[in-house]
Amino acid sequence: MNKRGCFTADKLRNQQELERLQAKFVGTGHPDTTSWEWKSNIYRDTYSSIAGHPPLLSYLALAENEPVAKVRAKMIRQMFHPVGPPPPREEDMYIDTPQGKQ
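Residues numbered from 1 in each chain as written. Predicted model: local features only at pLDDT ≥ 70, side-chain atom pairs only at ≥ 80, totals over all residues. Heavy atoms only, no water.

A. Seen up close, the overall build of the protein chain. The number of helices and strands found in the protein chain is 5 helices and 0 strands. Moving toward the C terminus, one meets the helices and strands of the protein chain in the order α-α-α-α-α. Counting over 102 residues, the protein chain shows a buried share of 11%. Across the protein chain, the fraction of contacts at a sequence separation of at least 24, relative to all contacts at a separation of at least 6, is 46%. (Helix = DSSP H or I, 4+ residues; strand = E, 2+ residues; numbered from the N terminus. Buried < 20%, exposed > 50% of the residue type's maximum accessible area, 1.4 Å probe, protein only. Contact = heavy atoms within 4.5 Å.)

B. Spatial organisation of the pattern of salt bridges. All chains considered together, the criterion is met by 4 salt bridges. Between Arg 13 and Asp 10 there is a salt bridge, with its nearest N and O atoms 3.2 Å apart. Note that Arg 13 and Asp 10 are positioned in helix H1 (residues 8-24) at a spacing of 3 residues, about one turn of the helix. We classify Asp 10 as partly exposed; its relative accessible area is 29%. (Salt bridge = Lys/Arg side-chain N within 4 Å of Asp/Glu carboxyl O.)

C. Quick peek at the environment of Trp 38. Within the element layout of this structure, Trp 38 appears in helix H2 (residues 35-52). Overall, Trp 38 belongs to the partly exposed group, its relative accessible area being 47%. In the structure, Trp 38 is positioned 12 residues away from Val 26 in sequence and 10.0 Å away in space, judged by C-alpha atoms.

D. Representation of the packing of helix H3 (residues 54-64) against helix H4 (residues 68-78). At a minimum axis distance of 9 Å, the contact between H3 and H4 shows a crossing angle of 105 degrees. Considering the angle they form, H3 stands roughly perpendicular to H4. Across from Leu 57, Ser 58, Leu 60, Ala 61 and Glu 64 in H3, the residues of H4 making contact are Val 68, Val 71, Arg 72, Lys 74 and Met 75. Per-class residue counts for the contact of H3 with H4 are 6 nonpolar, 1 polar and 3 charged. (Axes fitted to C-alpha atoms, helices over the stretch in contact; angles between N-to-C directions. Parallel < 35°, antiparallel > 145°, perpendicular 65-115°, else oblique. Nonpolar A, V, L, I, M, F, W, Y, C, P; charged D, E, K, R; others polar.)

E. Focus on the nonpolar core. Among the nonpolar cores identified, the biggest contains 7 residues, and these are Tyr 47, Ile 50, Ala 51, Leu 57, Ala 61, Val 71 and Met 75. Broken down by secondary-structure element, the contributors of at least two residues to this core are H2, H3 and H4. A total of 3 residues in this core trace back to one element, the largest contributor, which is H2. Not counting residues within four places of it along the chain, the set of residues in contact with Met 75 comprises Tyr 47, Ile 50, Ala 51 and Leu 60. (Core = buried A, V, L, I, M, F, W, Y, C linked by side-chain atoms within 4.5 Å.)

Pasting the structure below:
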């Protein structure tokens, strides 16, 4: 038992459960998840939920004064890039110069 009253086995079990959930569900993230990836997962889940639940879709269509089919199509389209294009990766930021030129 440690200072907080937790057993080391409990910590290990909790860590293993977290890793299992992260492997099973893409949106739960992992230590290397960027904020852009996390935001994208949240937005995609929201758009998917709205498009997949007729009462939510009807409510949103009524609020926007648009046909239900048009709102559903808009939700599905927004799932492709929900928070804009991805930020540049670190390896893309350092472009090698052609050999012989500096």
